[in-house]
Amino acid sequence: MFKKSFNRELLLKLFNTIDRPMSKTKDIACNISVNHGNEVYNGEKMIAPAASRNKDPILQVLKRFIICDIEQIEDESPLFLEISSGTGQHVAHFAPHFPGVKFQPSDVDKNVLGSLSFYATNCPTKNILKPILIDIQSKLSHYGFEENSIDYMYNANMIHITPFECTIGLFENAGNYLKPEALMITYGPYSKDGVLTPQSNIDFDASLKARNPLWGIRDINDLIKLGDENNLSLIDTVEMPANNMTLIWKKD
Ligand SMILES: C[S@@+](CC[C@H](N)C(=O)[O-])C[C@H]1O[C@@H](n2cnc3c(N)ncnc32)[C@H](O)[C@@H]1O
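Within any chain, residue numbers begin from 1 and follow the written order of that chain's sequence. Local features are withheld for residues below a pLDDT of 70 in this predicted model, meaning they are given only at 70 or higher, and side-chain atom pairs are given and counted only at 80 or more; totals for whole chains, interfaces and linings count all residues.

**Thoughts on unusual backbone geometry**
Moving on, step 1. Between Thr 197 and the following residue, Pro 198, the backbone shows a cis peptide bond with an omega angle of -10 degrees.
Moving on, step 2. Looking at the secondary structure, you find Pro 198 in the loop between β8 (178-188) and α6 (199-211).
Moving on, step 3. Not every positive phi belongs to a glycine, and Lys 126 is a case in point at roughly 55 degrees.
Moving on, step 4. Although it is not a glycine, Asn 243 adopts a positive phi angle of roughly 60 degrees. Helix and strand labels come from DSSP, where a helix needs a run of H or I of at least four residues and a strand needs a run of E of at least two; each type is numbered from the N terminus.

**Things to note about the sheet that holds strand β7 (residues 150-156)**
Moving on, step 1. We call two strands paired when DSSP finds no fewer than two bridges between them. Across the sheet, six strands lie side by side as β4-β3-β7-β8-β10-β9; this open sheet has mixed pairing. Each of the sheet's edge strands pairs with one partner strand only, and the pair in question is β4 (102-104) and β9 (232-240). Neighbouring strand axes in the sheet, compared pairwise and without regard to direction, differ in orientation by 20 degrees on average.
Moving on, step 2. Direction of pairing for β7 relative to β8: parallel, over a ladder of six bridges. Looking across to β8, one finds that Tyr 152 is bridged to Leu 183. In this analysis an axis means a line fitted to C-alpha atoms, helices contributing only their contacting stretch, and an angle means the value between N-to-C directions, from 0 to 180 degrees.

**Thoughts on the pairing of strand β3 (residues 79-83)**
Moving on, step 1. As a rule, residues whose C-beta atom has 12 or fewer other C-beta atoms within 10 Å are exposed, those with 20 or more are buried, and those in between are partly exposed; C-beta atoms are placed from the backbone. Among the five residues that make up β3, four are buried, leaving the element largely enclosed by the rest of the structure.
Moving on, step 2. In the sheet, β3 pairs with β4 via three bridges, with the strands oriented parallel. Its bridge partner being in β4, Phe 80 is matched across the sheet by Phe 103.
Moving on, step 3. With the strands aimed away from the viewer, a crossover counts as right-handed if its path from the first strand over the helix to the second runs clockwise. Between the parallel elements β3 and β4, the chain passes through helix α3 (residues 89-94) in a crossover that is right-handed.
Moving on, step 4. Judged from the four bridges that link them, β3 and β7 form a sheet pairing that is parallel. Residue pairing in the sheet places Leu 81 in a bridge with Met 153 of β7.

**Side note on the nonpolar core**
Moving on, step 1. Only buried Ala, Val, Leu, Ile, Met, Phe, Trp, Tyr and Cys residues enter a nonpolar core, and they are joined through C-beta atoms within 7 Å. Counting residues in hydrophobic clusters, the biggest one holds 52 residues, and the most contacted among them are Ala 95, Tyr 119, Ile 128, Tyr 152, Met 153, Ala 174 and Met 184.
Moving on, step 2. Looking at which element gives the most residues to this core, the answer is β8, with six residues.
Moving on, step 3. This entry defines residue contacts through backbone-placed C-beta atoms, with two residues in contact when those atoms are within 7 Å. Each residue touching Met 153, except ones within four places of it in the same chain, is listed here: Leu 81, Ile 83, Ala 174, Leu 178 and Met 184.

**Description of the confidence of the model for the protein chain**
Moving on, step 1. Per residue, pLDDT captures the predictor's confidence, and it can take any value from 0 to 100. Taken as a whole, the protein chain shows an average pLDDT of 86; of its residues, 82% reach a score of 70 or greater.
Moving on, step 2. Across residues 1-43, where pLDDT falls below 50, the model places 52 contacts with residues more than four positions away in sequence or in other chains.

**A closer look at the site of the ligand**
Moving on, step 1. Only the C-beta atom matters for nearness: placed from the backbone, it must lie within 6 Å of the molecule or strand for the residue to count as near. The environment of the ligand is formed by 23 residues, the closest being Ser 84, Gly 86, Val 108, Ala 156 and Asn 157.
Moving on, step 2. Following the grouping adopted for this structure description, the nonpolar residues are Ala, Val, Leu, Ile, Met, Phe, Trp, Tyr, Cys and Pro, the charged ones are Asp, Glu, Lys and Arg, and the polar ones are all others, Gly among them. Its residues assigned to classes, the shell around the ligand shows 13 nonpolar, seven polar and three charged.

**As for helix α5 (residues 164-177)**
Moving on, step 1. Here the expected length of a helix is defined as 1.5 Å per residue gap, with one fewer gap than residues. Along its 14 residues, α5 runs 20 Å from first to last C-alpha, staying within 8% of the 20 Å computed at 1.5 Å per residue.
Moving on, step 2. Inspection of α5 places Cys 166, Thr 167, Gly 169, Leu 170, Phe 171, Asn 173, Ala 174 and Tyr 177 among the buried residues, and these make up the whole buried set.
Moving on, step 3. Buried residues along α5 sit in contact with β3, β7, β8, α7 (220-229), β9 and β10 (244-251).

**Comments concerning the environment of Leu 232**
Moving on, step 1. Secondary-structure assignment places Leu 232 in strand β9.
Moving on, step 2. Separated by 52 residues in the primary sequence, Leu 232 and Pro 180 place their C-alpha atoms 9.8 Å from one another.

**Some details on helix α2 (residues 49-65)**
Moving on, step 1. With 17 residues, α2 extends 25 Å from end C-alpha to end C-alpha; this agrees with the ideal 24 Å at 1.5 Å per step.
Moving on, step 2. At any given residue, the bend is defined as the angle formed between two axes, one fitted to the seven residues that end at that position and one fitted to the seven that begin there. Roughly 35 degrees is the biggest bend found in α2, and it falls at Lys 55, with proline Pro 57 one to four residues downstream.
Moving on, step 3. Taken residue by residue, α2 has Ala 50, Ala 51, Asn 54, Ile 58 and Leu 62 as its buried positions.
Moving on, step 4. Buried residues along α2 sit in contact with α3, β7, β8 and β10.

**Brief notes about the pairing of β8**
Moving on, step 1. Counting buried positions along β8 gives eight out of 11 residues, so the element sits mostly inside the fold.
Moving on, step 2. Remark: the β7/α5/β8 crossover connection has right-handed handedness.
Moving on, step 3. Summarising the sheet, β8 and β10 pair through six bridges and their orientation is antiparallel. Looking at β10, one finds that Gly 188 is bridged to Met 245.

Structure below.
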């Protein structure tokens, strides 16, 4: 979809049709647009309006949980692996605030690699690694990770926009590849004790299921069960703007 050989005008038209202003319900999937202001980015920098809005509230939560020692030498810097990075705006926003942490963006979709590379290359603190393709349904060893080697895993807005198998893969991988006592942070909409509120989240859930019956907002209790099966405990839940939550999981 983002191949350079595409006619630029056609591409912008396409993005404009799928980009829409913030809805009262919820942003659906990746609302992606190319930045076509005064700057030219070879069509590779992607911007999702939802990510532009939520990246700073999420950063404020991360500041409470991520330990950043700027004296740390590069090879020993903690590794922060993002699953399903999308445009790459999240790590681009986070990385300069944690210069002693190495950020590894990833996605299953090769079409976003150009944007992820753009943000990595232009990071002023140079602590974003080259993006990699990861399908979270596969074991992270397929991508060169060793068990008990990752300091932080982070995932925003994938759990409800994928079949539940992806969530299972996320938790299994976190359970196996995080270091003991390391954290996984997940962000998105969730229901609690089987109750989904407010109405905008109910509508959003219905719209997700209409697009794909295997998608949908997950209940925190189901995630806690998955956590139990994978040595992950929910240690904190943070209410976020627009009826989202950040969940903090700790490996035993
Ligand atoms: C709604 S976007 C979220 C992007 C970004 N995290 C954000 O919050 O802006 C969902 C992302 O999940 C990715 N995704 C879907 N299935 C996946 C899988 N099996 N493994 C990894 N990523 C996946 C998609 O490619 C897409 O980039």
